[in-house]
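Observations on the model geometry
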Amino acid sequence: MADEMADEMAAAIAESPAPEPRLEPWEVFRQEREGEPMAHAGSVLAPDAELAVHYARELAARRGESVRLWVVRRNDVHVLDDPDWLRPALDRSYRQPGGYVMRDKLALARAKVAGEPGPGER
Amino acid sequence: MTTIAAGLAPALRSALANLILSMADDDLVIGYWDSEWTGIAPLLEEDVATSSIAQDEIGHARALYGLIGELTGTDADAVAYDRPAGAFRHARLLDGPRGNWAMTVARRALYEAADAVRLEALAGSGYAPLAGLVRKIQREEAYHLAHSDAWLERLARGGEEARGRLLAALDTLAPDAATVFAPLPDERALVDAAVLPQPMRILEQRWRERLAPDFRQLRLPMPGPAIDAEHGRDRHADAFRWLWEEMTSVRRLDPEATW
C-alpha cells in the first residue's frame with residue numbers, strides 16, 4: 001500500500017515538468033566584529049536562499065573573518081539612483097556643514113549681549 | 001606517546017587506534033574523492049563549497065591521524081600514507097569514485113548522516129583526547145550536513161532527470177551504505193572501557209532512524225543491511241586501488257622528503 005503511494009508520487013514527480021532552477025545574484029554583507037556596520041562583500045549566484053547562505057559563507061567567512069553575514073537577493077534590493085532625487089537642482093548648500101555661515105551673525109549677537117549698539121541700532 | 005595514551009592497556013590502545021583509524025580513513029578517502037570536483041563542479045559557487053568541504057574532511061582526517069600518532073608513537077603522515085591499500089580501514093561505501101553529481105550527493109548524504117551519529121556517540125567517549133577533537137569536528141560537520149541535505153532535497157525534487165540519477169546512485173550505493181557501521185576489531189573492549197559509548201550496530205540503528213524521515217518525505221528508498229558487513233572495512237573494491245595510488249604517489253616518491 002505504501003509502495004503504491006510511493007510509486008504514484010514518484011510518477012507524479014517524474015511526469016511534471018522539471019522546475020526551472022534560476023541562478024540569481026545575491027548580495028553578501030559581512031560584519032567584521034560585533035557592533036561594526038555591515039559592509040558589502042561581493043555577490044554569489046545561487047538558486048535559493050539556503051544555498052546562497054552556504055555560498056556566502058565560502059565567500060566572506062571561510063577564514064573566520066566575519067561574525068555575521070547578511071545575504072539578500074539582488075532583486076529584493078531597492079535601488080535609488082535617480083539624480084534628481086539624489087542631487088537636487090536647487091541650491092541646498094545650507095544643509096552642508098559650513099554651508100550656512102554663522103560667523104557674522106554670532107558677532108552681532110555677542111555685541112548685543114555686551115551692550116554695544118550694533119550697526120544701525122541706537 | 002602522551003601520558004594518557006601510555007596509561008592505556010596495550011590491547012585497549014590498539015583497539016582505540018583501530019577505531020580512530022576507521023574514522024580517519026573515512027574522512028581522508030571521501031575528502032580525496034570529493035576534491036576531484038575542484039574546477040569542474042556544476043556551479044562555480046558549488047566548486048568552492050565542495051572543495052572547501054573536501055578540504056575540511058582531509059583536515060579532520062589529519063587531526064585524527066595525529067591522535068593515532070600519539071597512541072602509537074608515530075606521526076600523522078606515516079600513519080596516513082605509509083600503508084598498503086589493503087591496510088586502509090575506511091568503509092566500503094567510500095571505495096568508488098565520485099561519479100556524477102548525483103552520486104556525490106547521494107554518497108555524502110549517506111555518509112554525513114552516519115558520521116553525525118558516530119560523532120554524537122564519541123563526543124561522550126571516555127578517551128578525553130578523542131572526545132575533545134570530536135566536539136570540535138562536530139561544529140564544522142553541522143555545516144557539511146546542512147549542505148548535504150540541501151542538495152539531496154534539490155535533486156530528489158529536481159525533476160525527472162535529477163531524481164532519476166539520484167535514485168540510480170542510491171541504488172548503486174545501497175549494498176555498501178551501512179559499512180560505516182561495520183563491526184570493529186575488539187569493539188567489545190572499546191564499549192566495556194566506555195571509549196566507544198555504544199556498539200556499531202546500535203549506531204547503525206540510529207543512522208537509519210535519522211535518515212528515515214527525510215527519505216520518506218523525499219520518496220527515496222532506504223538502504224538495506226550492508227552486504228558482507230563483517231568485512232565492510234577490510235575488503236575494498238578495485239576502484240580504491242586507483243585512489244590509493246594517487247593519494248600516496250607523492251609520499252612514495254620520497255618518504256623522507258619534507259614539504
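A few points on the structure. The residue count restarts for each chain, going from 1 along the sequence in the order it is written. Lettering for chains starts from A, numbering for ligands starts from 1, and both go in the order in which the items are written. A pLDDT threshold of at least 70 governs which residues receive local features in this predicted model, and a stricter bar of 80 or more applies before side-chain atom pairs are shown or counted, although totals over entire chains, interfaces and linings include all residues. Hydrogens are left out, water is left out, and the side-chain values use all remaining heavy atoms of the structure.

Some thoughts on the interface of chain A and chain B
- Across the contact, 19 residues belong to chain A and 20 residues belong to chain B.
- In this description, buried area is defined as the sum, over both parts, of the accessible area (probe of 1.4 Å) that is lost when the two are combined. The contact between chain A and chain B buries some 1700 Å² in all, and 58% of this surface belongs to carbon and sulfur atoms.
- The rule for a salt bridge is simple: a side-chain nitrogen of Lys or Arg has to be within 4 Å of a carboxyl oxygen of Asp or Glu. Here Arg 154 of chain B and Asp 48 of chain A are joined by a salt bridge, their closest N and O atoms 2.6 Å apart.
- In the analysis that follows, any N or O atom pair within 3.5 Å is treated as a polar contact, provided that within protein one partner can donate a hydrogen and the other can accept it, and provided that, for residues neighboring in sequence, both atoms belong to side chains. Summed over the shared surface of chain A and chain B, the number is 8 residue pairs in polar contact (both at pLDDT 80 or more).
- What counts as a helix is a DSSP run of H or I of at least four residues, what counts as a strand is a run of E of at least two, and both are numbered from the N terminus. Looking at the side of chain A that touches chain B element by element, the count peaks at 6 residues for helix 2 (residues 49-60) of chain A.
- Residues are grouped as follows: Ala, Val, Leu, Ile, Met, Phe, Trp, Tyr, Cys and Pro are nonpolar; Asp, Glu, Lys and Arg are charged; every other residue, Gly included, is polar. Residues of the side of chain A that touches chain B, tallied by class, amount to 12 nonpolar, 2 polar and 5 charged. Any pair of residues with heavy atoms lying within 4.5 Å of one another is described as a contacting pair.

A word on the nonpolar core
Residues and elements named next belong to chain B.
- Buried residues of nine kinds, namely Ala, Val, Leu, Ile, Met, Phe, Trp, Tyr and Cys, make up a nonpolar core once their side-chain atoms join them within 4.5 Å. Three exposure classes are used, based on accessible area relative to the maximum for each residue type with a 1.4 Å probe and protein chains only: buried under 20%, partly exposed in between, and exposed over 50%. If you look at the biggest cluster of nonpolar residues, it comprises 95 residues, and the most contacted ones within it are Leu 16, Leu 19, Tyr 65, Leu 110, Leu 130, Leu 190 and Trp 207.
- The element best represented in this core is helix 5 (residues 101-122), accounting for 14 residues.
- Residues in contact with Trp 207, not counting those within four places in the same chain, are Leu 110, Ala 113, Ala 114, Val 117, Ala 177, Ala 178, Phe 181 and Pro 223.

Some details on the layout of surface pockets
- Grid spacing is 1 Å over the protein atoms alone, the probe is 1.4 Å, and a cavity is where that probe fits but cannot get out, while a pocket is an open set with protein on both sides within 12 Å along at least five of seven lines and lining residues have an atom within 4 Å of a point. Grid points are joined across faces, edges and corners, and a volume is the space filled by probe spheres set on the points. Reported here for the largest pocket is a volume of approximately 640 Å³.
- Around the largest pocket sit 22 residues that line it, and Pro 21 of chain A together with Trp 151, Arg 154, Leu 155 and Ala 162 of chain B are the ones nearest its centre.
- Those elements that place two or more of their residues in the lining of the largest pocket are helix 5, helix 6 (128-156) and helix 7 (160-173) of chain B.
- A per-element tally of the lining of the largest pocket places helix 6 of chain B first, with 4 residues.
- Across the lining of the largest pocket, the residue classes tally to 13 nonpolar, 2 polar and 7 charged.
- Its volume calculated, the second largest pocket comes out at about 450 Å³.

Quick look at helix 6 of chain B
- What a helix should span is 1.5 Å times the count of its residues minus one. The end-to-end C-alpha distance of helix 6 of chain B is 40 Å, a good match for the 42 Å that 29 residues give at a rise of 1.5 Å each.
- To get the bend at a residue, fit one axis to the 7 residues ending there and another to the 7 starting there, then take the angle between the axes. Its axis deflected by about 35 degrees at Glu 140 of chain B, helix 6 of chain B carries its strongest bend there.

Remarks on the packing of helix 2 of chain A against helix 3 (residues 44-72) of chain B
- Comment: axis = line fitted to C-alpha atoms, over the contacting stretch for helices; angle = value between 0 and 180 degrees taken between N-to-C directions. Their axes nearest at 9 Å, the elements helix 2 of chain A and helix 3 of chain B cross at an angle of 65 degrees. Taken together, the axis directions place helix 2 of chain A and helix 3 of chain B in an arrangement best described as roughly perpendicular. The interaxial crossing formed by helix 2 of chain A with helix 3 of chain B has left-handed handedness. Of the residues in helix 3 of chain B, those in contact with Leu 51, Tyr 55 and Glu 58 of chain A of helix 2 of chain A are Glu 45, Glu 46, Val 48, Ala 49 and Ser 52 of chain B.
- Partitioned by chemical class, the residues of the contact of helix 2 of chain A with helix 3 of chain B number 4 nonpolar, 1 polar and 3 charged. Should an angle fall under 35 degrees it is taken as roughly parallel, and over 145 as roughly antiparallel, whereas 65 to 115 is taken as roughly perpendicular and any remaining angle as oblique. Crossings are sorted by hand: turned counterclockwise from the far helix by less than a right angle, the near helix makes the crossing left-handed, and turned clockwise it makes it right-handed.

Some details on empty space enclosed by the protein
Residues and elements named next belong to chain B.
- Scanning the entire structure with this criterion turns up 1 cavity of 30 Å³ or more.
- By volume, the largest cavity is sized at about 90 Å³.
- Lining the largest cavity, in full, are Asp 34, Thr 50, Ile 53, Trp 101, Thr 104, Val 105, Arg 108, His 147, Ser 148 and Trp 151.
- For the lining of the largest cavity, the secondary structure elements donating two or more residues are helix 3, helix 5 and helix 6.
- The element best represented in the lining of the largest cavity is helix 5, accounting for 4 residues.
- Here the lining of the largest cavity is built from residues that sort into 4 nonpolar, 4 polar and 2 charged.

A word on unusual backbone geometry
All names here are of chain B.
- For Ala 194, which is not a glycine, the phi torsion comes out positive at approximately 60 degrees.
- Looking at the secondary structure, you find Ala 194 in the loop between helix 8 (187-192) and helix 9 (200-217).
- Judged by its relative accessible area of 38%, Ala 194 falls in the partly exposed class.
- Positive phi is not limited to glycine here, since Asp 228 has a value of about 50 degrees.
- Structurally, the position occupied by Asp 228 is in the loop between helix 9 and helix 10 (238-253).
- For Asp 228, a relative accessible area of 32% corresponds to the partly exposed category.

The analysis is restricted to geometry; functional conclusions fall outside its scope.
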